[in-house]
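Summary of structural features
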Amino acid sequence: MTSRNQTPRAIWSRIIPATIALGSLVATTMTGPAPAAATTTGPANPVVTWDLNAQTAIWDVAAQQPNEQVRSFAMVSGAVYDALNAIAGTPYQPYLVAPPSRGTESADAAVAAAAHDVLATLFPAQQERLRAQYDASLAAIPEGRSKQDGVWVGARAAAAMVTARQDDGAFGDQQWRNGTAPGQWRPTPPLFLSQGAWTGHMRPFLMPRASMFRTPEPPRLTSKAYTRDLNEVKELGSATSTVRTQDQTEAAKWWHDRRSASWEIKRQLATTQRLDALQTARFFAMTDLIVADSGVACFSQKDFWSYWRPVTAIQLADTDGNPRTAADPGWQSLLVTPPFPEYPSGHACGTGARMSLYRYFFGRDDIAFSGSSADSGTTRQFSSFSQALDELIGARVWGGVHFRTADVEGAKLGEEVYRYAVRHYFRPLR
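Below is a summary of the structure that appears in this document. Quantities reported herein were computed from a predicted structural model and do not represent experimental measurements.

**Observations regarding helix 14 (residues 404–424)**
For helix 14, spanning 21 residues, the distance from its first C-alpha to its last is 31 Å, which sits close to the expected 30 Å at 1.5 Å a residue. With its phi angle positive at about 65°, phenylalanine 426 sits one or two positions after the end of helix 14.

What follows is the structure in structure tokens.
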């Protein structure tokens, strides 16, 4: 159950800023109207508070990479949701359990217990720090049976989650296939790493199996689609591109930040849309479990297709049998290429699932939101969920790490996972 990746951030992640040839751009990028500020009164939403605590444990301390982060967030959010759903009288389908409840339990205590217990199991080296956060949360709650019973409900929900994820295949020893033929993936410069192959073999949270959804075959190397994809990323995704705009450069860096702006956006939406604690818990659980499963589905397909990355394809274009592509042995991407196969795009899978779920949950697309990136030093603002997804699809090309087809098909795969999940989970019971 414990993550084996609790060392400092992976080297390939740390050196991303050093590989960006165009330097640091400091202006804030505006891509749409700013979101309206929410007027909030009363106590803080405990679900938002503990989601931020989870981010600290998962990223700031443990430095988990994206394929690892989603599992941890899903476990925390799923347990918190089950606890609050039970206290509210189970108005929605539980994810795993509905601990017995009279409805008088402290929601704040239940959230703290559920989140703390999952995080302490995932990150035993952080137990002292997590306990201090937990004790501070409980200290703000009046003593009495409501508090005690809230802790009990939260602990039961956390225990169910921890048990359910035992031996789920996380951090397994699977390896990527290292190919040599044209079109086959092999480790990429500058570090030539191979990581995360276990992700596509992990037991999903919602889907019955990792390979439930399939992507079409990636473009054949001699096809017009492949020619178009390769020449686009060759021109726009190069570290020394003269045609990529400043805004495209900023977008590429912003979307690539391993400290994902999606966490901030999720909490921001809960606040601006004035969700109460139960609504927030359901929103976070739906988001995090669906995104986690989109990652499992995506990595399963990466393993199946084992497709080469743009940096390999461009440097070796004289081997692809396509007279309309030309090799550039010195070509390098703007961003450091992630250490796993290209097709489909994992970021597009997750963002496709996330933005589809947001449209469904709020019943509209045109909700404004923003997010900041430490890597780029900018805040990007969006006027709709579809606008954000469209930008992500382009940004992975502008960063030089994906062909456009991988982004488009990844977003479709994420949407398929979302559609399955909302048909089978989290539905109203009354």
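**Considerations on the pattern of salt bridges**
Counted under the stated rule, the structure contains 17 salt bridges. The closest approach of N and O atoms between aspartate 149 and arginine 145, which form a salt bridge, is 3.1 Å. Remark: arginine 145 and aspartate 149 occur in helix 6 (residues 145–164); sequence separation between them is four residues, near one turn of the helix. Classification of aspartate 149 by relative accessible area gives buried; the value is 18%. The partner of arginine 364 in a salt bridge is aspartate 366, and the shortest N-O contact between them spans 3.0 Å. What you see here is one network of salt bridges that share partners, running through Asp51, Lys266, Arg267 and Asp288.

**Let's talk about the packing of aromatic side chains**
In total, this model carries 27 aromatic pairs according to the counting rule given. On the numbers, 4.9 Å between centres and 40° between planes, the contact of phenylalanine 283 with phenylalanine 361 is tilted. Residue phenylalanine 283 is found in helix 10 (residues 277–305), and its partner phenylalanine 361 is found in helix 12 (residues 346–362); the two are separated by 78 residues along the sequence. Residue phenylalanine 283 shares its accessibility class with phenylalanine 361, and that shared class is buried. Following the ring pairs from residue to residue traces out a cluster consisting of Trp254, Trp255, Phe283, Phe284, Tyr358, Phe361, Phe362, Phe369, Phe382 and Phe385. Over the face of the ring belonging to phenylalanine 304 we find arginine 214, whose NZ or CZ atom lies 4.8 Å from the ring centre. When the ring centre of tyrosine 92 is taken as origin, the NZ or CZ atom of arginine 282, which lies over that ring, is 4.2 Å away.

**Looking at unusual backbone geometry**
Cis geometry marks the peptide bond from proline 189 to proline 190; its omega dihedral reads 5°. The residue proline 190 is located in the loop between helix 6 and helix 7 (224–236) in this model. Following tyrosine 343, the chain continues into proline 344 via a peptide bond in cis, with omega recorded as -5°. Locating proline 344 in the fold gives a position in the loop between helix 11 (310–315) and helix 12. With a phi close to 55°, arginine 274 is a non-glycine residue in the positive phi region.

**So, the packing of helix 3 (residues 66–87) against helix 4 (residues 107–122)**
Contact geometry of helix 3 with helix 4 gives a least axis separation of 9 Å together with a crossing angle of 150°. Comparing their axes, helix 4 and helix 3 come out roughly antiparallel. Between helix 3 and helix 4 lies a crossing of right-handed hand. Across the interface between the two elements, Arg71, Ser72, Met75, Val76, Ala79, Val80, Ala83, Leu84 and Ile87 of helix 3 pack against Ala107, Ala110, Val111, Ala114, Ala115, Val118, Leu119 and Leu122 of helix 4. Its residues assigned to classes, the contact of helix 3 with helix 4 shows 15 nonpolar, one polar and one charged.

Rules behind the numbers
Residues numbered from 1 in each chain as written. Predicted model: local features only at pLDDT ≥ 70, side-chain atom pairs only at ≥ 80, totals over all residues. Heavy atoms only, no water. Helix = DSSP H or I, 4+ residues; strand = E, 2+ residues; numbered from the N terminus. Expected span 1.5 Å × (residues − 1). Salt bridge = Lys/Arg side-chain N within 4 Å of Asp/Glu carboxyl O. Buried < 20%, exposed > 50% of the residue type's maximum accessible area, 1.4 Å probe, protein only. Phe/Tyr/Trp six-rings, centres within 6.5 Å; stacked < 30°, edge-to-face > 60°. Lys NZ or Arg CZ within 6 Å of the ring centre and 35° of its normal. Axes fitted to C-alpha atoms, helices over the stretch in contact; angles between N-to-C directions. Parallel < 35°, antiparallel > 145°, perpendicular 65-115°, else oblique. Left-handed = near helix turned anticlockwise from the far one by under 90°. Contact = heavy atoms within 4.5 Å. Nonpolar A, V, L, I, M, F, W, Y, C, P; charged D, E, K, R; others polar.

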